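# Working through the structure, step by step
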Amino acid sequence: MKLSQSSTASVAMAEKGVQLDRESLSCSICLDLLKDPVTVNCGHSFCMSCIQTYWDEEDEKKIYSCPQCRQTFIPRPVLKKSTMLAGIVEKLKKSRLQAAPDDPSDAGPEDVACDFCSGRKLKAVKSCLQCLVSFCQIHLQPHFESPSFKKHKLVEPSKKLQENICSRHDEVMKMFCRTDQQSICYLCSVEQHKGHDTVSAAAERTERQKDLEESRENIQQRIQDREEDVKLLQQEVEAINGSADKAVKHSQEIFSQLIHLMERRRSDVEQQVRSQQEHEVGRVKELQEKLEQEITELKRKDTDLQKLSLTEDHNQFLHTYPSLSEPGQPADSSRINIRPLRYFEEVTAAVSEIRDKLQDLLTETWTNVSQAVTEVDVLLSEPPESKTRAGFLRYSQRITLDPNTAHTWLLLSDGNTRATRTGQSQSYPDHPDRFTVSYTRVLSRQSLTGRCYWEVEWRGDKVYIAVSYKTISRAGTSDDCIFGNNDKSWTLVCSKDSYEFVHNKVRTCVSCPQSSRVGVYLDHGAGILSFYSVSETMTLLHRVQTTFTEPLHAGLLPWSDGDFAEFSEVK
């Protein structure tokens, strides 16, 4: 087949060394450089496979048209590869590789490449969650122009599109199984995951997004707390330095009056004061540096969560979120409370006393000077536990119950915040986290670290309000499985006429007026667990001081049919 006039002109331009435009040698069907180029009778050129596929769809009409100018042909033209045009395309590819190796539109090792580009790959500008393909700006155009693509979901370019495909059915995973905590396709939901708690990926994303926002709020509050602590420590450094400087100055003035007799003691005092000053400042600055490092890490994690909250790919969100949802255990989750015991003022008093008693008393009273220096202490300790409900609400946390842990005799309601013991077994699917012993227990979905506060409203004959490690036993019939009867859980047993605290089978009676609402305060890092009776005032029921070795979960155990407990919304 002879080349058309336009193809001949292209050859002439190539022979003259004129740089060819990529668009002039692109197929108008696939929008990529021509592959096995053919030229039809009207003069337009296409990829061999593209025009054959196009004409296959017109076989029934027996009338074949040019996709570009719509000229018709009868019968179907016989196509032959244009070797000259193919050579020009190859020269163009080579010239582009030599002329523009660093073209910013080319895909680099770290970029997502267009899946439709042949030869030299361009950067993808969007990925399609329906097509599961990434497109450059050129190959993306059909998604904007064709009505068939209008419902397709375009997101930022991603290298992980294949993670959205079910390995068993080769279908897009648009569902999420809450029972097994994994993304699935529709066929999975009616086969392997039949009877499980399944929702759309979008619905699960919405629920997890709420948790993400709560995690960010907690992190931002911790950042604010730590920044305040750093300021407090800086003030303490200034106070230590100021007090030390005054002590040294006054000591020098007093000892200068004793001339040679007191010269040696004056030097000793100065040396001790400076040594203790350096020691105390070093302690404070060391902790200050640790807190600044923690702030940096918290800000980085907040940035990662913010980026994740903006991603439009639900499955990528669900894949990545578990590794970011946990705030992590800080090196030291305690707040800083400066309670100055002594600075260096007593040094001045002690030196003045020596001056007054002169040489005969110097040896006897020297111990007082040394002791005054070494007793300088900056107490970096836990802040006192709040005495008001408003103070506790600063650490309030929204807690929901995990249906995968609920005993089948428990009915969960009100958005999984209430657990009611019933006389009928619920149709929960099997799950390795489910409590299967006789005691109707359930744990919270959230793990608890740092400082947390929540309130439980309860009704009935007896309700256990507990915190527990996730590793607590879930099977068997022994009483050791009940909250409080092991070393993995701590519980307040609330009855109509009494309270009782239980841990590791040790029972402690609690005397206090009854209340239907119990507040729980946890400082995981400090090892503090406190239970309060909440009415118009806060009354401490019991406080535990221990060392927690794992994240904790809130737990509920309604004892008899009709008993219930729920996590209250605190305001």
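Residues numbered from 1 in each chain as written. Predicted model: local features only at pLDDT ≥ 70, side-chain atom pairs only at ≥ 80, totals over all residues. Heavy atoms only, no water.

Looking up the chain in an unreviewed UniProt entry gives the name Tripartite motif-containing protein 16-like, with the organism given as Xyrichtys novacula.

## Description of the UniProt feature "coiled-coil region" (unreviewed entry) in the chain
Put simply, the test is: UniProt positions are given in the numbering used here, feature names are shortened, and annotations may be inferred rather than shown by experiment. Counting from the N terminus, the helices are DSSP H or I runs at least four residues long and the strands are E runs at least two residues long.
Listed under "coiled-coil region" (unreviewed entry) in the UniProt record, and renumbered for this structure, are residues 202-243 and 274-308. Strand forms 0% of residues 274-308 and helix 100%; the C-alpha atoms that close the span are 51 Å apart.

## Quick look at the pattern of salt bridges
Rules: Salt-bridge detection follows one rule: a side-chain nitrogen of Lys or Arg within 4 Å of a carboxyl oxygen of Asp or Glu. For the exposure calls, accessible area comes from a 1.4 Å probe over protein chains only, and a residue counts as buried if that area is under 20% of its type's maximum, exposed if over 50%, partly exposed in between.
Evaluation of the coordinates by the stated rule reveals 29 salt bridges. Glu156 is the partner of Lys126 in a salt bridge, and the nearest nitrogen-oxygen pair spans 3.0 Å. Here Lys126 is found in strand β5 (residues 126-128), whereas its partner Glu156 is found in the loop between β7 (154-155) and β8 (175-177), with 30 residues between them in sequence. Its relative accessible area of 23% is what places Lys126 among the partly exposed residues. In the salt-bridge network here, residues are joined through shared partners; they are Arg389, Glu455, Glu457, Arg459 and Arg517.

## Some thoughts on the sheet that holds strand β9 (residues 182-184)
What counts here: In short, DSSP must find at least two bridges between two strands for them to pair. Helix axes are fitted only over the stretch in contact, all axes being lines through C-alpha atoms; the angle between N-to-C directions runs from 0 to 180 degrees. Any two residues whose heavy atoms approach within 4.5 Å at even a single point are treated as in contact.
On the basis of which strands lie adjacent, the open sheet formed by three strands has the order β9-β8-β10 and antiparallel pairing. Of all the strands in the sheet, just β9 and β10 (198-200) have a single pairing partner and so form its edges. Taken pair by pair, the neighbouring strands of this sheet meet at an average axis angle of 35 degrees, ignoring direction. Bridge analysis of β8 against β9 gives three bridges, and the strand direction is antiparallel. Residue pairing across strands places Phe176 opposite Ser183, the latter belonging to β9. Along the sheet, helix α6 (residues 201-257) contacts β8 and β10; its crossing angle with β10, the most-contacted strand, is approximately 90 degrees.

## Quick look at helix α4 (residues 137-145)
Note the following rule: This arc describes the spread of directions from the helix axis toward the C-beta atoms.
Within the sequence span of α4, burial applies to His139, Leu140 and His143. Along the long axis of α4, the arc covered by the buried residues comes to 105 degrees, so they all point the same way. Buried residues along α4 sit in contact with β5, β6 (133-135) and β7.

## Concerning the pairing of strand β25 (residues 564-567)
The side-chain alternation of β25 yields two buried faces, one formed by Phe564 and Glu566 and the other by Ala565 and Phe567. Alignment of strand β14 (residues 418-421) against β25, held across three bridges, turns out to be antiparallel. The residue of β25 that forms the bridge with Arg418 is Glu566. Sheet analysis places strand β16 (residues 451-459) next to β25, joined by four bridges and oriented antiparallel. Residue pairing across strands places Val456 opposite Phe567, the latter belonging to β25.

## Let's talk about the nonpolar core
Soluble globular proteins tend to pack their nonpolar side chains together in the buried interior. Put simply, the test is: Residue types Ala, Val, Leu, Ile, Met, Phe, Trp, Tyr and Cys, when buried and joined through side-chain atoms within 4.5 Å, form a set referred to as a nonpolar core.
Within the largest apolar cluster, 36 residues are counted, with the highest numbers of intra-cluster contacts made by Trp454, Ile465, Trp490, Val518, Leu529 and Phe531. In terms of nonpolar packing, the next biggest core, distinct from the first, is built from 33 residues, Ala244, Val273, Val281 and Leu291 among them.

## Things to note about the layout of surface pockets
To keep things clear, this is the line we draw: Put plainly, a pocket is an open set of points on a 1 Å grid over the protein atoms alone with protein on both sides within 12 Å along at least five of seven lines, a cavity is a set where a 1.4 Å probe fits but cannot get out, and a lining residue has an atom within 4 Å of a point. Grid points are joined across faces, edges and corners, and a volume is the space filled by probe spheres set on the points. Residues are grouped as follows: Ala, Val, Leu, Ile, Met, Phe, Trp, Tyr, Cys and Pro are nonpolar; Asp, Glu, Lys and Arg are charged; all remaining types, including Gly, are polar.
Quantified by volume, the second largest pocket comes out at close to 300 Å³. Contributing to the lining of the second largest pocket are 14 residues, with Ile29, Phe116, His139, Pro142 and Phe149 lying nearest its centre. For the lining of the second largest pocket, the secondary-structure elements that each account for two or more residues are β6 and α4. Here the lining of the second largest pocket gets five residues from one element, more than from any other, and that element is α4. The residue inventory of the lining of the second largest pocket, partitioned by class, reads nine nonpolar, four polar and one charged.

## Focus on the sheet that holds β5
An order of β6-β5-β7 is seen for the three strands of this open sheet, with the pairing classed as antiparallel. Unpaired on one side and paired on the other, β6 and β7 mark the two borders of the sheet. Across two bridges, the pairing between β5 and β7 is antiparallel. Following the sheet pairing, Cys128 is matched in β7 by Leu154.

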